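Secondary and tertiary structure notes
Given next are the chains, with one letter for each unit.
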Amino acid sequence: RLLIRCPWELKSYVSFISFMIQLGTILKVADKTGMVLVQCIKVLGYSKKKVAFIGDMVLVSVKWINPRRFAFLKERKQKRYAVGTMHRALLIRSKVNFRRLSGFFIKFNENAVVIVNRRGAPYSRRISGPLLQEFCVLRPWVGCVARNVI
């Protein structure tokens, strides 16, 4: 069982994070919900899909929360985002090389997700960190809450 008490303990698990998102991968949360680290439980899609790329929806479980940010949330939202709860998330950054039509490859340093509802709209009003321009075209409701678009 994976026990992470604080984010700097993630460094020992970085070697286990594969380049593609699959069952058990630790992901960072890039929105203002108060969650810091989540673990992938399932890649949503057709039944045989086992690997997720940028733009795919995954089912995640909360592993670590930020107590300072979490204290500002209302009580009903604190119950919703507590440790151990399951959520749908949209993969926005990945360590996999992403090839643009112009031929350039883009690679991020971390695997990051945004917590979304069933329709794919984010719960939070702000996304931290960069977001791909192609991703904003595919899902404009996610692109409109991001500040940095590459």
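These numbers were taken from a predicted model, which means no experiment stands behind them.

Turning to the overall build of the protein, a few remarks are in order. Secondary structure summary: the protein contains 4 helices and 9 strands in total. Walking the protein from its N terminus toward its C terminus, one meets helices and strands in the order β-β-β-α-α-β-β-β-β-β-α-α-β. In the protein, buried positions account for 44% of the 150 residues.

Attention now moves to a positive patch on the surface. A surface patch of like charges, here positive, comprises Lys32, Arg69, Arg125 and Arg147. For Arg147, a relative accessible area of 64% translates into the label exposed.

Below, the discussion takes up the side chain of Ser124. Along the polypeptide, Ser124 turns up in the loop between β7 (112-116) and β8 (127-131). When its relative accessible area of 10% is taken as the criterion, Ser124 is described as buried. Only 3.2 Å separates the side chain of Ser124 from the backbone nitrogen of Lys32, close enough to count as a polar contact. Only 3.3 Å separates the side chain of Ser124 from the backbone oxygen of Arg126, close enough to count as a polar contact. Residues within four places of Ser124 in sequence aside, it is in contact with Asp31, Lys32, Thr33 and Val145.

What follows deals with the pattern of salt bridges. Enumeration according to the criterion identifies 4 salt bridges in this entry. A salt bridge links Arg93 to Glu110; its shortest N-O distance comes to 3.0 Å. Placement of the pair is Arg93 in strand β4 (residues 86-93) and Glu110 in the loop between β6 (105-106) and β7, with a sequence separation of 17 residues. Judged by relative accessible area, Arg93 falls into the buried class, the value being 4%. For Glu110, a relative accessible area of 24% gives the class partly exposed. As a salt-bridge pair, Glu134 and Arg100 come within 2.9 Å of each other at their nearest N and O atoms.

A few words on the confidence of the model for the protein. The predicted coordinates ought not to be read in detail in places where the model reports low pLDDT. With 87% of its residues at a pLDDT of at least 70, the protein reaches an overall mean of 85. Below a pLDDT of 50 lies the segment residues 6-18, which in the model reaches 16 contacts outside its immediate sequence neighbourhood of four places, other chains included.

What follows deals with the pairing of β4. Most of β4 is tucked away: 6 of the 8 residues are buried. Here strand β3 (residues 57-65) pairs with β4 via 5 bridges, running antiparallel. Its bridge partner being in β4, Ser61 is matched across the sheet by Met86. Of the pairings in the sheet, the one linking β4 to β7 comprises 5 bridges and is antiparallel in character. What sits directly across from Arg88, in β7, is Val116.

Thresholds applied
Each chain has its residues counted from 1, following the order in which its sequence is written. Given that this is a predicted model, residues contribute local features only at a pLDDT of at least 70 and side-chain atom pairs are listed and counted only at 80 or more, while totals for whole chains, interfaces and linings are drawn from all residues. Derived side-chain values reflect all non-hydrogen atoms in the structure, with water molecules and hydrogen atoms excluded from consideration. Helical segments are the DSSP runs of H or I of at least four residues, strand segments are the runs of E of at least two, and each set is numbered from the N terminus. Residue burial is assigned from relative accessible area. The probe radius is 1.4 Å, only protein chains are included, and a residue is buried under 20% of its type maximum, exposed over 50%, and partly exposed in between. Patches draw on residues past 30% relative accessible area with no salt bridge. Two like charges within 9 Å are joined, as are two nonpolar side chains (Val, Leu, Ile, Met, Phe, Trp, Tyr) within 5 Å. For the accessible areas, the method is Shrake-Rupley and the probe is 1.4 Å, while residue cover comes only from the protein chains on display. The rule for a salt bridge is simple: a side-chain nitrogen of Lys or Arg has to be within 4 Å of a carboxyl oxygen of Asp or Glu. In this tally Asp and Glu are treated as negative and Lys and Arg as positive; neither His nor the chain ends contributes. Here the site of a charge means NZ on Lys, CZ on Arg, CG on Asp, or CD on Glu. We define a polar contact as two N or O atoms separated by no more than 3.5 Å, with the added condition that, inside protein, one atom must be a possible hydrogen donor and the other a possible acceptor, whereas residues neighbouring each other in sequence contribute only through side-chain atom pairs. What makes two residues a contact is simply this: any of their non-hydrogen atoms within 4.5 Å. Across the chain, each position has a pLDDT score giving the predictor's confidence in that residue, from 0 to 100. Note: two strands are recorded as paired if DSSP finds a minimum of 2 bridges between them.

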